[in-house]
Amino acid sequence: MAKIISLVISFICVLAAVSGTFAKSPKEDPKAPAVLSSVCQTLVANNIDPEAFRAAYLPLASKQELLALVDHKYALSPNYIPNDLVGTGKERLRAEAYSWFKKMQQDAKRQGISLRAVSGYRPYNYQMYLKKRTLNPDEVANPGHSQHQLGTAIDFNTVSQEDENIPALQWLKEHAGEYGFSLSFPKGGKAETGYPYEPWHYRYITREGVLLQDNFFGGSQHKMLVFLHTCLWNGKNAISRPIEE
């Protein structure tokens, strides 16, 4: 375990020196050792090559808002609205996410697959409305805690677990990462993410983010986002905050 901690510290220090994304290095921050021992070492895969990680991470260093941590613990402000929303209706998304969504939708159509957006961007007040009217409130994110408020999440084609094997969701499982989209709430992942399995819910994390997620975090979007937010960025310039704050 000590070896893992040392390895994590070493590549964080490399990233700090190269990218300048940290307010303080782990050695300068008295809280860092506790964070590393309790969180970081459990998130990242073993036997990481620091140089490979650095190369994979650097394209994401300036995309903190796109990769914001929003889950059952970290929430967005009621006033948070992305400043580059485009599209209309259920396809309304941030510009970069929208561009890749449309490309993915068109490519899927050429393969005989229809990808429909059931839900895209949702403001805080609309999430509050959904929470109040649902028959299963424990399975719906609280206002501020929904990835949909980021403008980078889409529910595709259905909102029923019984439809997990429909062609559209099977196609997404295989191809979504090629367009920068990642399944947010995988099967069996509730203990980690705080939410039940949602085979229809994908979040845009960029293609580079998908590669980082798959190569260093075992394919877990949530682990990667927690690591970036907690271990690398220390909440600096974060748009989300823990609910206890």
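Because the structure is predicted, anything quoted here is derived from the model rather than measured.

Engineer: So what exactly am I meant to see when it comes to the overall build of the protein here?
Structural biologist: The helix and strand inventory of the protein stands at nine helices and eight strands. When the accessible surface of the protein is summed, it comes to about 12,000 Å², and 51% of that surface belongs to carbon and sulfur atoms.

Engineer: Sorry if this is basic, but what is going on with the sheet that holds strand β7 (residues 201-204) here?
Structural biologist: Paired through their backbone hydrogen bonds, the strands of a sheet run either parallel or antiparallel. Taken in spatial order, the four strands make up an open sheet running β4-β5-β7-β6, and their pairing is antiparallel. Taken across any chain shown, the strands that pair with only one partner, and hence form the sheet edges, are β4 (117-119) and β6 (181-183). Strand-to-strand twist of the sheet, defined as the mean angle between neighbouring strand axes without regard to direction, takes the value 45°. Sheet topology places β4 next to strand β5 (residues 153-156); two bridges connect them, and they run antiparallel. By the bridge assignment for β5, Ala 117 is matched with Phe 156.

Engineer: Quick question: what am I supposed to make of the environment of Val 210 here?
Structural biologist: By secondary structure assignment, the location of Val 210 is in helix α8 (residues 207-216). Remark: the alpha-carbon pair of Val 210 and Gly 180, spanning 30 residues in sequence, is separated by 6.0 Å. If near-sequence neighbours (up to four positions away) are discounted, Val 210 is found in contact with Gly 177, Gly 180, Phe 181 and Ile 205.

Engineer: Any chance you could explain the state of the cysteines here in plain terms?
Structural biologist: As used in these notes, a disulfide is a covalent bond between sulfur atoms, one from each of two cysteines. Counted by the stated rule, this structure contains one disulfide. Paired through a disulfide, Cys 40 and Cys 231 show a sulfur-sulfur distance of 1.9 Å. What sets the handedness of the Cys 40 and Cys 231 disulfide is the S-S torsion sign, and at about -115° it is left-handed. With Cys 40 in helix α2 (residues 32-43) and Cys 231 in helix α9 (residues 221-232), the pair connects residues that are 191 residues apart, well separated along the chain. According to the relative accessible area criterion, Cys 231 is buried, its value standing at 7%.

Engineer: Where do I start with helix α6 (residues 167-175) in this structure?
Structural biologist: Structural remark: α-helix, 3.6 residues per turn; residues separated by three or four positions point the same way. Residues Ala 168, Leu 169, Trp 171, Leu 172 and His 175 constitute the buried set of α6. In an axial view of α6, the angular spread of the buried residues amounts to 160°, which keeps them on one side of the axis. The exposed residues of α6 that point more than 90 degrees off its buried face are Pro 167, Lys 173 and Glu 174. Residues of α6 that are buried in the fold lie against α4 (95-110), β5 and β7.

Engineer: In this structure, what is going on with the pattern of salt bridges? I would like to understand it.
Structural biologist: Oppositely charged side chains can pair when the atoms bearing their charge come close. Considering all chains together, one arrives at nine salt bridges under this definition. The shortest N-O distance in the salt bridge between Glu 91 and Lys 102 comes to 3.2 Å. You can see Glu 91 sitting in the loop between β2 (85-86) and β3 (93-94) and its partner Lys 102 sitting in helix α4, a full 11 residues away along the chain. Asp 155 is paired through a salt bridge with Arg 122; the nearest N and O atoms lie 3.7 Å apart. You can see Asp 155 sitting in strand β5 and its partner Arg 122 sitting in the loop between β4 and α5 (124-133), a full 33 residues away along the chain. Among the residues examined, Arg 122 registers a relative accessible area of 12% and is labelled buried.

Engineer: Honestly, the packing of aromatic side chains in this entry has me stumped. Any pointers?
Structural biologist: Each aromatic ring pair is described using two quantities: the centre-to-centre distance and the angle formed by the ring planes. A full pass over the atoms with the stated rule returns 13 aromatic pairs. Ring centres 6.0 Å apart and planes at 70° place the aromatic pair Phe 53 and Phe 227 in the edge-to-face group. Of this pair, Phe 53 sits in helix α3 (residues 50-57) while Phe 227 is found in helix α9, placing the two residues 174 residues apart along the sequence. Taken as a pair, Phe 53 and Phe 227 share a single burial class, namely buried. Among the aromatic side chains, those forming a connected cluster through ring pairs are Phe 53, Tyr 57, Phe 216, Phe 217 and Phe 227.

Engineer: Help me understand the pairing of β5, please; the structure alone is not making it clear to me.
Structural biologist: Along a regular strand, successive side chains alternate from one face of the sheet to the other. Residues Ala 153 and Asp 155 of β5 are buried on one face, and the alternating residues Ile 154 and Phe 156, pointing to the opposite face, are buried as well. Relative to β7, β5 is paired through three bridges, and the arrangement is antiparallel. Within β7, the position partnered with Asp 155 by the bridge is His 201.

How each quantity is defined
Residues numbered from 1 in each chain as written. Predicted model: local features only at pLDDT ≥ 70, side-chain atom pairs only at ≥ 80, totals over all residues. Heavy atoms only, no water. Helix = DSSP H or I, 4+ residues; strand = E, 2+ residues; numbered from the N terminus. Areas by Shrake-Rupley, 256 points an atom, 1.4 Å probe, with all protein chains shown as cover. Pairing = 2+ DSSP bridges. Axes fitted to C-alpha atoms, helices over the stretch in contact; angles between N-to-C directions. Contact = heavy atoms within 4.5 Å. Disulfide = S-S within 2.5 Å. Buried < 20%, exposed > 50% of the residue type's maximum accessible area, 1.4 Å probe, protein only. Arc of directions from axis to C-beta. Salt bridge = Lys/Arg side-chain N within 4 Å of Asp/Glu carboxyl O. Phe/Tyr/Trp six-rings, centres within 6.5 Å; stacked < 30°, edge-to-face > 60°.

Geometric descriptors of this kind do not, in isolation, establish any biological role.
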